[in-house]
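Spelled out, the chains give:
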Amino acid sequence: MDAIRLLGICGSPRKTGNSRFLLERAVAAAKETAPDAVEIEVYTFAGKEIAPCISCFRCMEAGDCTTEDDFQELRDKWVAADAIIYSVPVYHMGIPGQLKCFIDRLGNSLYSYYGGVISRNLKTVGVAVQGSHIFAGQEQVMTTLINHAVLMSCVPVAGDPWQSYIGAAGWTRNESRKDGLRRLYDEGEADAQIAVAAAESLGKRVVQMALVIKGGGLIHRDMLEEDGSYTVFLSRLASGNQMS
Ligand SMILES: Cc1cc2nc3c(=O)[nH]c(=O)nc-3n(C[C@H](O)[C@H](O)[C@H](O)COP(=O)(O)O)c2cc1C
């Protein structure tokens, strides 16, 4: 069986920062879990331009979102991935606007991109999130991205209890430094230890579940081939392990 493709998506406009730190811990744990069975690529929103959906619905005929910017590059990476880990900062108790723009356009254009097929995408999706403050939107962000996963016929995965209920969450004790979480972790601060442990178990479980799904898809290929909504999933399984 080919390796699964794990795409880490850093939803921060900062190239290095707290989201990136958590993401790196998650993908390192993923690699450690299955060194020969996972190919990893990390994508960052830093420096990217992804405009909002303008509700033109031209994607329905065009087979693609007709606004051309960095959306298409990330869409292609998203489509190729077997597993995705989002690591994002809390913005105003929600997800950052750039990420919301991507999700809106992905959700609306993917049906026509796949040639009018409703696709059971079956990617595993894990979510890591952190903000400056405690009880300041982390759960809301995780819920938004888990809803996105369900809406995209993906499989949300959490890390291990008790550090991770529905994802990995952290905070930087009221400061906005890029290295806030890393410094707290290095100092042994308890909540930062929890955030990192949660990110690591998240990476591990996201990869394990993706391997289970891939193996199951290959075993049950004959049955799934009879249902057109698995066509995209099955062709992804057959497409080897090179990230686009
Ligand atoms: C526009 C904006 C809104 C923010 N809103 C929140 C918030 O609602 N809750 C919170 O805890 N932190 C909030 N923050 C702080 C960031 O989540 C925090 O600095 C985070 O560590 C940044 O992550 P990064 O280093 O990956 O960019 C906000 C920051 C910005 C720039």
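(A) A look at the environment of Val 79. With respect to the element layout, Val 79 can be found in helix H3 (residues 71–80). Note: C-alpha distance between Val 79 and Arg 5 (74 residues apart in sequence) is 10 Å. Non-local contacts of Val 79, meaning those with residues more than four positions away in its chain, are made with Leu 110, Tyr 113, Tyr 114, Lys 123 and Arg 236.

(B) Inspection of the site of the ligand at higher detail. Looking at the ligand, there are 15 residues lining it, with Ser 12, Arg 14, Ser 19, Val 90 and Gln 130 nearest. At 2.9 Å, a side-chain N or O of Asn 18 approaches an oxygen atom of the ligand. One nitrogen or oxygen atom from the main chain of Ala 136 is found 2.9 Å from a nitrogen atom belonging to the ligand. Protein contacts shield 76% of the accessible area of the ligand, which totals 640 Å² for the unbound molecule. Secondary structure elements with two or more residues in the shell around the ligand: helix H1 (18–33) and strand E4 (124–131). Residues that form the shell around the ligand fall into these classes: five nonpolar, nine polar and one charged.

(C) Structural detail: helix H4 (residues 97–113). Along its 17 residues, H4 runs 23 Å from first to last C-alpha, staying within 8% of the 24 Å computed at 1.5 Å per residue. Along H4, the sharpest kink reaches roughly 30°, centred on Gly 107. For H4, the complete set of buried residues consists of Leu 99, Cys 101, Phe 102, Ile 103, Arg 105, Leu 106, Ser 109, Leu 110 and Ser 112. Packing partners of the buried residues in H4 comprise helix H2 (59–62), H3, strand E3 (83–89) and helix H5 (138–151).

What counts and what doesn't
Residues numbered from 1 in each chain as written. Predicted model: local features only at pLDDT ≥ 70, side-chain atom pairs only at ≥ 80, totals over all residues. Heavy atoms only, no water. Helix = DSSP H or I, 4+ residues; strand = E, 2+ residues; numbered from the N terminus. Contact = heavy atoms within 4.5 Å. Near = heavy atom within 4 Å. Polar contact = N/O pair within 3.5 Å; in protein donor to acceptor, adjacent residues only side chain to side chain. Areas by Shrake-Rupley, 256 points an atom, 1.4 Å probe, with all protein chains shown as cover. Nonpolar A, V, L, I, M, F, W, Y, C, P; charged D, E, K, R; others polar. Expected span 1.5 Å × (residues − 1). Bend = angle between axes of the 7 residues up to and from the residue. Buried < 20%, exposed > 50% of the residue type's maximum accessible area, 1.4 Å probe, protein only.

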